[in-house]
Protein chains: 2
Amino acid sequence: MLGIQSIASYLPKGRVDNLEQADRFETDREFVEQKIGVSSLPRFEAEDSVVSASVSAFKNLCEKESVDPAEIECVVLCTQNPDKGGLPHNSALVHAELGLSEDCACFDIGLGCSGYVYGLSVIQSFMAANGMKKGLLFTCDPYSKILNPEDKNTCLLFGDAGSVTLISDTPRYTLASAKFATKGAGSAALQKNDNLLEMNGRAVFNFALQDVPKQIKHVLENAELTMDSVDIFLLHQGSRFMLENVIKRAGIPAEKAPIRLSSTGNTISSSIPLLLEKELNGNPKTILMSGFGVGLSWATAIYTQVK
Amino acid sequence: MLGIQSIASYLPKGRVDNLEQADRFETDREFVEQKIGVSSLPRFEAEDSVVSASVSAFKNLCEKESVDPAEIECVVLCTQNPDKGGLPHNSALVHAELGLSEDCACFDIGLGCSGYVYGLSVIQSFMAANGMKKGLLFTCDPYSKILNPEDKNTCLLFGDAGSVTLISDTPRYTLASAKFATKGAGSAALQKNDNLLEMNGRAVFNFALQDVPKQIKHVLENAELTMDSVDIFLLHQGSRFMLENVIKRAGIPAEKAPIRLSSTGNTISSSIPLLLEKELNGNPKTILMSGFGVGLSWATAIYTQVK
């Protein structure tokens with residue numbers, strides 16, 4: 001059975017001091033640190049791109065795992081802000097940079113904050129159906145490319161990052177249960193217009209509070225698990241205030257749900273991978289992930305450790 | 001087992017007379033009709049979009065099939081020229097327009113001319129892995145949005161279209177064998193730069209001639225089939241000249257491989273769906289599809305009729 005073998009990430013060197021940004025926007029520093037929960041933001045510089053960040057994440061992966069590029073049979077890259085306007089698909093550009101085999105399926109998927117949970121299921125099911133044994137799932141969605149510099153709500157929130165997950169037939173974690181949902185009618189809450197991001201923070205907050213806890217409970221029931229039997233809850237790091245409320249509403253024990261966006265901000269589809277990379281060090285047996293945002297789209301999955 | 005139940009398409013009302021275009025570019029009309037093989041091109045007008053074309057294709061589907069929107073559990077949309085810059089994913093926008101259920105997974109995939117063959121495998125494997133019974137695969141890639149009006153090679157070639165395929169657990173055709181490949185190092189042959197399409201026609205032609213026939217033979221061997229046992233070969237309609245050469249090089253009986261781009265042009269990921277929709281009327285038992293282009297990416301699959 002296919003599953004997650006390993007994961008690595010990349011944070012660009014560029015940094016934005018979010019407290020200085022708070023001053024510029026005449027926003028209370030305490031609000032930025034406590035409610036948004038972000039002190040500094042990783043930010044792409046001129047030399048960074050979706051492709052270069054993905055390649056850097058792969059290099060970091062190779063420092064912990066022995067990965068033979070010749071064995072990679074599938075590359076899926078999740079972004080909504082691709083290099084070259086997405087033509088070609090950025091997975092093909094990464095394919096070239098990593099010198100992968102021609103016998104390799106590559107495609108991009110367009111999803112936002114739910115992208116990692118979706119992407120894992122997409123790549124695993126595609127690989128299984130096509131008899132593939134090793135694949136790479138990349139996430140990289142540099143919102144800095146589309147931030148309106150006058151919009152404090154988004155400028156104070158979003159950070160740039162990338163990740164890569166090695167999917168293989170010798171996994172550490174396999175999927176136990178998942179659920180995917182969409183509320184397209186609410187999509188205007190988070191959208192690009194004339195290449196600039198527009199966000200209705202209140203609408204996204206209300207959506208997260210209303211729909212995410214229900215889905216988490218549903219997936220737990222499907223897997224015949226309780227909150228107690230999950231070791232760690234990896235929730236999309238939308239903002240500290242949103243997370244605290246989702247955790248409370250869902251009845252998740254707070255100590256099991258890390259809130260860790262102080263030095264990354266909301267990194268869209270890379271936020272759960274950043275958490276997962278750290279949490280795997282603790283060797284959890286049962287992991288619940290839940291991503292929610294752009295679409296509006298939300299997805300929850302439970303992964304269990306292979307014995 | 002999941003598979004193709006039905007398919008429908010949409011061609012916008014807007015039209016470009018390709019012979020008038022030939023005159024404007026001081027290009028021989030005979031070359032345009034005989035080598036490119038395109039007399040007129042469907043072209044998006046101001047009111048057209050990826051979402052509106054997808055909705056129109058769905059309406060056309062509903063004229064031949066009884067589709068209950070409440071039963072749709074998955075929507076995958078293939079494009080590299082999405083509305084709203086792809087944020088949100090256009091599948092979510094289509095989800096809203098069609099009034100689909102919240103219990104519906106939606107995501108976009110970024111692929112060009114190989115997109116339909118990939119997309120079928122992606123949606124079918126994702127749906128199967130997640131126990132879903134009815135889904136929709138859309139293709140719509142309006143290159144008119146990125147054509148350089150001074151570039152005769154691309155202006156004379158690409159047309160706009162859309163399609164929708166109903167994937168269900170009561171299919172007419174199921175997948176027998178498929179193969180996917182990528183040559184990212186060649187991707188500059190077909191790419192967006194500053195939001196304008198650049199194409200190296202010679203490089204794309206050489207790639208198609210060299211790699212597509214080999215993959216077709218490989219997939220036939222995998223499925224333990226010969227050219228004779230395939231009823232119809234649906235090849236991506238790149239250009240008449242390219243098609244004639246691929247057909248010859250692969251040793252495909254010419255009468256089994258329709259060349260039908262005279263009034264559509266090259267419609268990227270919609271070109272195989274446009275062929276498939278027509279050819280299903282002839283009730284073929286065994287269908288081979290092969291898509292190739294942007295990436296560079298190529299994919300071949302064999303579908304067989306359910307008895």
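Residues numbered from 1 in each chain as written. Chains lettered and ligands numbered in written order. Predicted model: local features only at pLDDT ≥ 70, side-chain atom pairs only at ≥ 80, totals over all residues.

1. A word on the pairing of strand β6 (residues 134-140) of chain B
How we decide: In this scheme every C-beta is placed from the backbone, and a residue whose C-beta has 20 or more other C-beta atoms within 10 Å is buried, one with 12 or fewer is exposed, and one in between is partly exposed. Helical segments are the DSSP runs of H or I of at least four residues, strand segments are the runs of E of at least two, and each set is numbered from the N terminus.
Among the seven residues of β6 of chain B, seven are classified as buried, and the element is accordingly described as predominantly covered. Because side chains alternate across β6 of chain B, one face comprises the buried residues K134, L136, F138 and C140 of chain B, and the other comprises G135, L137 and T139 of chain B, equally buried.

2. What about the nonpolar core?
Rules: A set of buried residues drawn from Ala, Val, Leu, Ile, Met, Phe, Trp, Tyr and Cys, joined through C-beta atoms within 7 Å, is what defines a nonpolar core. C-beta atoms are first placed from the backbone for all residues, and any pair lying within 7 Å is then listed as a contact.
Judged by nonpolar contacts, the single largest core of 206 residues is most densely connected at V75 and V76 of chain A together with V75 and V76 of chain B. Sequence-distant contacts of V76 of chain A, defined by excluding residues within four places in its chain, comprise S91, F107, I109, G119, V122, I123 and L137 of chain A.

3. A closer look at the domain arrangement of chain A
Residue and element names in this part refer to chain A. Selection criterion: Domains are outlined according to an automatic or database domain assignment. Any residue that is not Ala, Val, Leu, Ile, Met, Phe, Trp, Tyr, Cys, Pro, Asp, Glu, Lys or Arg is counted as polar, Gly included; the first ten are nonpolar and the last four charged.
Domain parsing of chain A yields domain 1 (3-171) and domain 2 (174-305). Put simply, the middle of domain 1 and the middle of domain 2, counted by C-alpha atoms, are 17 Å apart. Listed per partner, the contact involves 46 residues of domain 1 and 46 residues of domain 2. Secondary structure elements with two or more residues in the side of domain 1 that touches domain 2: β1 (3-10), α2 (29-36), β3 (40-42), α5 (115-129), β6 (134-140), α6 (152-155) and β7 (162-168). In terms of residue class, the side of domain 1 that touches domain 2 is built from 23 nonpolar, 20 polar and three charged.

4. Considering the environment of E277 of chain A
All names here are of chain A. Tracing the chain through its elements places E277 in helix α9 (residues 271-279). The exposure class assigned to E277 is buried, which follows from the 20 C-beta atoms found within 10 Å. Considering only alpha carbons, one finds E277 and S6, 271 residues apart in sequence, at a separation of 8.1 Å. Contact partners of E277, with chain neighbours within four places excluded, come to I7, A8 and S9.

5. Quick look at the relation of the copies chain A and chain B
For the record, the criterion: Here the copies are matched by least squares. The fit uses the C-alpha atoms of residues with pLDDT of at least 70 in both.
Rotating chain A by 180° and translating it 0.0 Å along the rotation axis places it on chain B, where the RMSD comes to 0.0 Å. These values place the two chain copies in the arrangement generated by a two-fold rotation axis. Across chain A, the smallest distance between a C-alpha and the rotation axis is recorded for I109 of chain A, namely 2.2 Å. When the interface residues of chain A are mapped onto chain B, 100% of them again fall at the interface, so both copies present the same face.

6. As for the interface of chain A and chain B
In this assembly, 46 residues from chain A lie in contact with 46 residues from chain B. Of all the secondary structure elements, the ones that give two or more residues to the side of chain A that touches chain B are α4 (90-97), β5 (105-110), α5, β8 (173-182) and β9 (190-193) of chain A. It is α5 of chain A that provides the largest number of residues to the side of chain A that touches chain B, a total of seven residues. Here the residues of the side of chain A that touches chain B are counted per class, giving 23 nonpolar, 17 polar and six charged.

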